[in-house]
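Residues per chain, in single letters:
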Amino acid sequence: MAKGSYGRIHYFNDFTSPPGGITTGVPDAGSTNLGGGVGLIGVNEGVIALTVDEPGGIIDITTDTGDNDNQALVAGTFKPADGGFWMECRFKIPDSVAATRAAVFVGFSETLALDTPVMPAETATTTTTYNGSGGMAGFVFDSDATTIAWRFVAGDGGAALATSDKEGSGGTVGGAIGISAAATITADKWYVARVEITPAGMARGYFGDIDTDEELRFIGRSTAALGTADSFHAVALIENRSAANERLEVDYFGGEAWRDWPP
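Bear in mind that the values here come from a model prediction, so they are computed numbers and not experimental data. (Residues numbered from 1 in each chain as written. Predicted model: local features only at pLDDT ≥ 70, side-chain atom pairs only at ≥ 80, totals over all residues. Heavy atoms only, no water.)

### A closer look at the nonpolar core
Core analysis: the largest hydrophobic core is formed by 49 residues, its most contacted members being L73, F91, F108, W150, F207, V250 and F253. Once you skip the residues sitting within four places of it in the chain, L73 turns out to touch F15, L34, V38, G39, L40, I61, A234, V235, A236, V250 and F253. Membership of the second largest hydrophobic core comes to 14 residues, among which are A72, A121, V153 and V235. (Core = buried A, V, L, I, M, F, W, Y, C linked by side-chain atoms within 4.5 Å. Buried < 20%, exposed > 50% of the residue type's maximum accessible area, 1.4 Å probe, protein only. Contact = heavy atoms within 4.5 Å.)

Next up, the structure:
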């Protein structure tokens, strides 16, 4: 297999230019190329816009109005065995109502239909469902949960993977609902999620709340591996939980992976 000079794959968008060439408007029905190796997909079209009353470049993503309509930033795919990969996203939910009628997933998912994406993991009352047949790892909140908070989750084959809340040995074993990040949902508050997948398929999740000067902190890891030969999308997805549109503002979305070159 031929090898060149660019083994590292880098994708990043700071959203400082009009998304898809428009300042406010309807994204393409199939997908919208936002630049920097990042695209936008969704169930129905919604609206995308630049946020101009805050600095640094922020994209404002609004879903369509049907129940379970969604919009997702996406990049990839990437394979753990090629050298591992990571993603990081800074985001917020600008409206208070979203805390009671929306769901968000940020991380990696193997199963992600580009024409009709679904939440990789979602929670209703005290049960988290791992959708699709592929692997996933990331952070989720769901307003259908009994306790609405950010949780680190990992799953494969429609079921939870074993997790722990401590790096290295020991720690508390996470339940199927996920490991709490001890961060509740507050409107217009910045969060940062970072998810890493090692070449051996082990996942780690870090979460930060910028408004309280809280840096990224370790939340949980998988103690069982995702498929190392499987291909994963990086994704940040918001989905309605009622027949009303919801918004997600994203400051940046990016990460790194490695090309499928032999060692």
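Don't stop here, the text continues.
### So, the side chain of T128
Locating T128 in the fold gives a position in strand β11 (residues 127–130). Within polar-contact distance, the side chain of T128 engages the side chain of T123 at 2.8 Å. Among the polar contacts listed, one links the side chain of T128 to the backbone oxygen of I177, at a separation of 3.0 Å. Residue contacts for T128: discarding those within four places in its chain leaves A121, E122, T123, A176 and I177. (Helix = DSSP H or I, 4+ residues; strand = E, 2+ residues; numbered from the N terminus. Polar contact = N/O pair within 3.5 Å; in protein donor to acceptor, adjacent residues only side chain to side chain.)

### Observations concerning the environment of I148
Relative to the assigned elements, I148 resides in the loop between β12 (136–142) and β13 (149–156). Take I148: its relative accessible area is 26%, and that puts it in the partly exposed class. A sequence separation of 35 residues divides I148 from A183, and the C-alpha atoms of the two residues are 9.1 Å apart.

### Regarding the pairing of strand β10 (residues 121–124)
Of the two faces of β10, only the one carrying A121 and T123 is buried; E122 and A124 on the other face are not. Looking at chain direction, β10 and β11 are connected through four bridges and run antiparallel. Its bridge partner being in β11, T123 is matched across the sheet by T128. Where β10 hands over to β11, the hairpin turn is made up of two residues, of which T125 adopts a positive phi near 50°. (Pairing = 2+ DSSP bridges.)

### Thoughts on the environment of T63
Structurally, the position occupied by T63 is in the loop between β6 (59–62) and β7 (70–78). Relative accessible area serves as the criterion here: at 2%, T63 is assigned to the buried category. As for T63 and W150, which are separated by 87 residues in sequence, their C-alpha atoms are 21 Å apart. Setting aside anything within four residues of it in sequence, one finds T63 in contact with G46, D69, N70, Q71, I238, N240, A244, N245 and E246.

### Focus: the pairing of β13
Counting buried residues in β13 gives seven out of eight residues, a clear majority hidden from the surface. Where β12 meets β13, five bridges bridge the pair, whose relative direction is antiparallel. Bridging from a neighbouring strand, F139 pairs with F152 of β13. Connecting β12 to the next strand, β13, in antiparallel fashion are six residues. Here β13 runs beside strand β16 (residues 179–184); their pairing, made up of three bridges, is antiparallel. By the bridge assignment, F152 is partnered in β16 with I179. With antiparallel pairing between neighbouring strands as the criterion, β13 and strand β14 (residues 159–160) make up a hairpin whose turn holds two residues, including G157 at a positive phi of roughly 60°.

### Observations concerning the pattern of salt bridges
With the rule as written, the count across this model stands at 18 salt bridges. The salt bridge involving E54 is made with K92; its shortest N-O contact spans 2.8 Å. With E54 in the loop between β5 (47–50) and β6 and K92 in strand β8 (residues 85–92), this residue pair connects regions lying 38 residues apart in the sequence. On the basis of relative accessibility, which here comes to 25%, the residue E54 falls in the partly exposed class. (Salt bridge = Lys/Arg side-chain N within 4 Å of Asp/Glu carboxyl O.)

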